[in-house]
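Residue strings, one per chain:
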Amino acid sequence: MPYHNSLRLRILVSFVVAGAVLGPLLTTLLLWATYAIEEHAVTQAASERLREVIAAPQEFALRPLDERSEILVLTNLNVSALPAEMAQLPDGLHEYETRSGTWIMAVDTAAHGRYAVVEDITALEEREQASVIVVALGTTIAMYVALWLGFYMSRRLLAPLTRLSERVASAGPAGAETPLAPDFDDDEVGRLAAALDRYAQRMHAALRREREFSADASHELRTPLAVIQNAAELIEEDTGASEKSRRAAARVRAAAQRMGETVTVLLMLAREDLPSPPDGSPVSVADCVETLLNDERMLSDTGDTTRIRWRCEARPVLDAPRVAIEAIAANLIRNARQHAKAQTIEIILKPDLLLVTDDGVGIPAEDIPRLFERGVRGTGAAGAGFGLGLSLVQRLCSRFGWSLHVDSQTGLRTRVEWRFG
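Small disclaimer: the values here were computed from a predicted structure and weren't measured.

Conventions used here
- Residue numbers run consecutively from 1 along every chain, following the written order of its sequence.
- Local features in a predicted model are, by the rule used here, given only for residues with pLDDT of at least 70; side-chain atom pairs are given and counted only at 80 or more, and totals for whole chains, interfaces and linings are based on all residues.
- Think of the side-chain values as coming from all heavy atoms in the structure, minus any hydrogens and water.
- Each pair of strands is called paired provided DSSP finds at least two bridges between the two strands.
- Note on conventions: DSSP H or I runs of at least 4 residues are helices, E runs of at least 2 residues are strands, and numbering of each starts at the N terminus.
- For every residue, the accessible area obtained with a 1.4 Å probe (protein chains only) is divided by the maximum for its type, and the residue is called buried under 20%, exposed over 50%, and partly exposed between those limits.
- Summarising the geometry, the arc corresponds to the directions from the helix axis toward the C-beta atoms.
- As used in this structure description, the phrase polar contact means that two N or O atoms lie within 3.5 Å; if the pair is within protein, one of them must be able to donate a hydrogen and the other to accept it, and residues adjacent in sequence are counted only when both atoms belong to side chains.
- Among buried residues, the Ala, Val, Leu, Ile, Met, Phe, Trp, Tyr and Cys ones that are joined through side-chain atoms within 4.5 Å form a nonpolar core.
- Aromatic pairing here means that ring centres of Phe, Tyr or Trp (its six-membered ring) are within 6.5 Å. Orientation follows from the plane angle: under 30 degrees is stacked, over 60 is edge-to-face, and everything else is tilted.

Novice: When you look at the sheet that holds strand β5 (residues 113–120) in this model, what are you seeing that I'm missing?
Specialist: Backbone-to-backbone hydrogen bonds join strands into a sheet, with any given pair of strands oriented parallel or antiparallel. Strand order in the open sheet formed by five strands is β1-β2-β5-β4-β3, and the pairing between neighbours is mixed. Pairing within the sheet leaves two strands with one partner each, and these edge strands are β1 (63–64) and β3 (92–98). Pairing of β1 with strand β2 (residues 71–74), which is carried by two bridges, proceeds in the antiparallel orientation. Within β2, the residue paired with R63 across the bridge is V73.

Novice: Honestly, helix α5 (residues 285–294) in this entry has me stumped. Any pointers?
Specialist: The α-helix advances 3.6 residues per turn, and as a result positions three or four apart in sequence lie on the same side. What α5 keeps buried is the set V285, A286, C288, V289 and L292. Considered in projection along α5, the buried side chains sweep an arc of 160 degrees and stay on one side of the axis. The N-cap residue of α5 is S284: its side-chain oxygen and the backbone nitrogen of A286 are 3.4 Å apart.

Novice: Even after reading the chapter, I still don't get the nonpolar core, so can you show me in this structure?
Specialist: Generally speaking, soluble globular proteins have nonpolar side chains that are buried together. Counting 40 residues, the largest nonpolar core has I325, L332, W402 and W418 as the members making the most contacts within it. Among the elements that make up this core, the one with the highest residue count is helix α7 (residues 322–339) (nine residues). In terms of nonpolar packing, the next biggest core, distinct from the first, is built from 15 residues, A87, L89, Y96 and M105 among them.

Novice: I would appreciate a short explanation of the packing of aromatic side chains in the present structure.
Specialist: Two descriptors summarise a pair of aromatic rings, namely the distance from one centre to the other and the angle between the planes of the rings. Tallied over the full model, the rule gives three aromatic pairs. With a centroid separation of 5.4 Å and an interplanar angle of 65 degrees, the aromatic rings of W402 and W418 are classed as edge-to-face. You can see W402 sitting in the loop between α8 (389–400) and β11 (403–409) and its partner W418 sitting in strand β12 (residues 413–419), a full 16 residues away along the chain. Given the relative accessible area of 12%, W402 is considered buried. Ring geometry for W418 and F420: centres 5.1 Å apart, planes at 75 degrees, overall edge-to-face. In this pair, the class of W418 matches that of F420, namely buried. One aromatic cluster in this structure is built from F400, W402, W418 and F420.

Put into C-alpha cells, the structure is as follows:
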C-alpha cells in the first residue's frame, strides 16, 4: 500500500517516536532520580559523620592529609592517594574529581582545628557513565522494537479499515443492495460501514429517481418535439403559405431539432455508462462539421452575413457518439456566430484538434476563466443567451477525456481550441 502521508505511516511514526523519545526519557528520569538520591545520601552521611568527628575527635582514627596540612581526615582510603590540593578547599561539601577517582569531601573548621571526612564515590560515577551508554543502546533497541511493533500493530489496526475501503471500491451500481455493516464488528469501523450503507442507500434512491426522471423526460419530450418538427415541415412545404410563414416554420423546425439534440446530450451526461456509436464504428469529425455547415439552420438562427471559412487539413475519427461530436462543434460555431459580432469565422480541422477563430469583439481576460461555468456569460459577449452552451461543451469534453482552451484579445479575435487527440 502507498505510505506517503498515509494513516499507517502516521501510526508507524507514532510508535517510533514513542520508542525513541518516551522510553529513553523515562529511563533517564529514573536514573537521574536514583543517582540524585544516592548522591544526596552520600553527602548527608559525610556531613553527619563530620559533625560527629568535630563533636568527639578523640573517638575516631583521624590522620593528617599530608605532612604540611593541618586538616585531620577521617576516611577508609589511603590518605597518600588523596590529592594535596584538597587541603586548600574551603569549608563545606565538595566533589573532587581526578583521573584516579572521584571523592566527596566534607570540610569544617572547629575551635580546636580543621576536620574533613572523605568518601570515595568513584564507583557511583562509573555507574552513571555506564548508565548513559545503556540508555543510548536502549534507545537504539527501543527504536527497532517500536518500528517492528509499528508495522505489526498498524497492519492489525488498519486491517478492518482496509477491508472496508476495498469493499467500497469494488462495489458496483447495486452496491446499496449489499450492506457492509454486517461484515464488521460493532466498533468505529462498523459504525463507519453503517454510515456508508445509509449514504449508499440514499444515493441509490436518488440515482433511481434520476434515471426514472431521465426516462420519463426522454419519452415525454421526444413525442411533442417530433410533432412540432412534422408540423413545421408541413408548413414549409405548403405552397399556399407566405414566405414569411415558411421561414418562421423553418426556424421552429430548427429549434425543435436543436432541443431534441440538447435532450439527447443531457441524457447522455446523466448516464453513468458512455454510449458507443450505434454501428460500432468511429465517427468522422469532418463529416459532422460539414453536415453542420451545410445545415441551413446555422444561417437561419441569426440571419447575418458572417462569412465562414472551412479548412479540413485532416479527417480524424473519434470513438464517441455522433450527437456528442456534433453538439460540441455546433456550440462552438454557434457561439462565434451569435456573440462575437464577427465578419469572418475560420474553422480548421487538424489531426488532433478543431480550431474555431473569429475576428469579433473578443472576450475580456477576466471573463475567460468563468466562461465554462453554468449560467455565466462574458460581459463583452453580444447577442442573447443563457450561458449554457459552453458549460455543456465543457462537461462533454470532460466526460470523453477531451480538452477545451479559449484565447481572446478584446476587439481583435477569439480562438477556441477543441483538442481531442
